[in-house]
Amino acid sequence: MSDSNAELVLGKIFESAIETKRKVGQMYQQFAELFSHVPEVEDFWKKMNLNQITHADWLEETKESLSEEQILSLPEVELVLKTHSIKNLFDKHSDKEIGTLHDAYRIAHEFESSEVNDLFKILSSQYISSEKKKKFILAEIEQHSQQIMDLSNRFADVMTEIKVARG
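Let me begin by describing the structure that accompanies this report. (Residues numbered from 1 in each chain as written. Predicted model: local features only at pLDDT ≥ 70, side-chain atom pairs only at ≥ 80, totals over all residues. Heavy atoms only, no water.)

Observations regarding the overall build of the chain
Condition: Helical segments are the DSSP runs of H or I of at least four residues, strand segments are the runs of E of at least two, and each set is numbered from the N terminus. This radius of gyration counts C-alpha atoms alone. The globule rule is 2.2 Å times how many residues there are, raised to the power 0.38. Throughout this description, buried means an accessible area under 20% of the type-specific maximum (1.4 Å probe, protein chains only), exposed means over 50%, and partly exposed covers the range between.
What the chain contains, in helices and strands, is 7 helices and 0 strands. Its helices and strands taken in sequence order, the chain reads α-α-α-α-α-α-α from the N to the C terminus. Since a compact globule built from 167 residues should have a radius of gyration of about 15 Å, the 17 Å found for the chain is in line with a globular shape. Split into buried and exposed, the 167 residues of the chain put 45% on the buried side.

Pasting the structure below:
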């Protein structure tokens, strides 16, 4: 395999997905710190961070369970495209300033309904051997997405009024 193809192996897709989940978790941890003056909101973002860490850990476990042949195999084009879309999504939000809970919600909603979770779903459903664990993880993803919607519903009337804490 040539060096130019080294980035196009399944192992690299897993590494990218793991890094993505950790970066989204870090973003949620930053949101928790920004809204530390509103305990319920801070707790929400902390839980979202922990969920992302758990997802990254599951992906790591799955990757470790793959054979060398699988890790070095060429992934489906769809996985490569999703990986590139995720990078673009991070680039899009890298310089966005968060002023209100609504700002944080919009970014989180975009990430939760993007290729981030699609990639996680595909990798989980295709490469986890236990059907029970697959079902659990897929249900977890749906619950996680619902949590973002619940935040919106819970604070709908005040999302633009809850400002970030100023240090």
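Having seen it, we continue.
Remarks on empty space enclosed by the protein
Empty pockets left among the atoms are what a rolling probe the size of a water molecule brings to light. The following threshold applies: Computed over the protein atoms alone on a 1 Å grid, cavities are sets of points where a 1.4 Å probe fits but cannot get out and pockets are open sets with protein on both sides within 12 Å along at least five of seven lines; a residue lines them when it has an atom within 4 Å of a point. Grid points are joined across faces, edges and corners, and a volume is the space filled by probe spheres set on the points. Each residue gets one label: Ala, Val, Leu, Ile, Met, Phe, Trp, Tyr, Cys and Pro are nonpolar, Asp, Glu, Lys and Arg are charged, and the others, such as Gly, are polar.
Considering all chains together, one arrives at 1 cavity of 30 Å³ or more under this definition. The calculated volume of the largest cavity comes to roughly 40 Å³. Around the largest cavity, the lining residues are Ala17, Thr20, Lys21, Leu59, Ile86, Val116, Leu119 and Phe120. Looking at the lining of the largest cavity, the elements that each hand over two or more residues are helix 1 (10–34) and helix 6 (115–127). Along the lines of polarity and charge, the residues of the lining of the largest cavity split into 6 nonpolar, 1 polar and 1 charged.

Overview of the nonpolar core
For soluble globular proteins, nonpolar side chains are generally found buried alongside one another. For clarity, the threshold we go by: Take the buried Ala, Val, Leu, Ile, Met, Phe, Trp, Tyr and Cys residues and link them wherever side-chain atoms come within 4.5 Å; each set so joined is a nonpolar core. By definition in these notes, contact holds between two residues if any of their heavy atoms fall within 4.5 Å.
Core analysis: the largest hydrophobic core is formed by 47 residues, its most contacted members being Tyr28, Phe35, Trp45, Leu101 and Leu123. In terms of residues, this core owes the most to one element, helix 1, which gives 10 residues. Leaving out residues up to four positions away in the same chain, tryptophan 45 has contacts with Tyr28, Phe31, Ala32, Phe35, Leu101, Ala104, Tyr105, Ala108, Ile148 and Leu151.

Quick look at the pattern of salt bridges
Quick reminder of the rule: Definition used for salt bridges: Asp or Glu carboxyl oxygen within 4 Å of a side-chain nitrogen of Lys or Arg.
Tallied over the entire structure, the rule returns 13 salt bridges. For arginine 22, the salt bridge is made with glutamate 60, and the minimal N-O distance between the two is 3.5 Å. Residue arginine 22 is found in helix 1, and its partner glutamate 60 is found in helix 2 (residues 39–65); the two are separated by 38 residues along the sequence. Given the relative accessible area of 32%, glutamate 60 is considered partly exposed. Put simply, Lys12, Glu15 and Lys63 are held in one network by salt bridges that share partners.

With respect to the side chain of lysine 21
Rules: Positive charges come from Lys and Arg alone, negative charges from Asp and Glu alone, with His and the N- and C-terminal ends not counted. Polar contacts here mean pairs of N or O atoms no more than 3.5 Å apart (in protein, one a potential hydrogen donor and the other a potential acceptor; neighbouring residues in sequence count only if both atoms are side-chain atoms).
Tracing the chain through its elements places lysine 21 in helix 1. Despite being buried, lysine 21 has no salt bridge partner; glutamate 112 is the closest side chain of opposite charge, sitting 5.4 Å away. At a separation of 3.4 Å, a polar atom in the side chain of lysine 21 contacts the side chain of glutamine 52. Only 2.9 Å separates the side chain of lysine 21 from the side chain of asparagine 117, close enough to count as a polar contact.

Looking at helix 7 (residues 131–154)
The α-helix advances 3.6 residues per turn, and as a result positions three or four apart in sequence lie on the same side. Filter applied, for reference: How far a helix is expected to stretch is found by multiplying one less than its residue total by 1.5 Å.
The terminal C-alpha atoms of helix 7, which comprises 24 residues, lie 34 Å apart, in line with the 34 Å expected from a rise of 1.5 Å per residue. By the burial criterion, the buried members of helix 7 are Lys134, Ile137, Glu140, Ile141, His144, Ile148, Leu151 and Ser152. Contacts from the buried residues of helix 7 go to helix 1, helix 2, helix 5 (101–112) and helix 6.

Overview of the layout of surface pockets
Space inside the largest pocket adds up to approximately 380 Å³. Lining the largest pocket are 15 residues, and of these Ser16, Glu19, Thr83, His84 and Lys87 sit closest to its centre. Among the elements that make up the lining of the largest pocket, the one with the highest residue count is helix 4 (residues 77–93) (7 residues). Grouping the constituent residues of the lining of the largest pocket by class yields 5 nonpolar, 4 polar and 6 charged. Looking at the lining of the second largest pocket, the elements with two or more residues in it are helix 1, helix 4 and helix 5. Here the lining of the second largest pocket is composed, by residue class, of 7 nonpolar, 4 polar and 3 charged.

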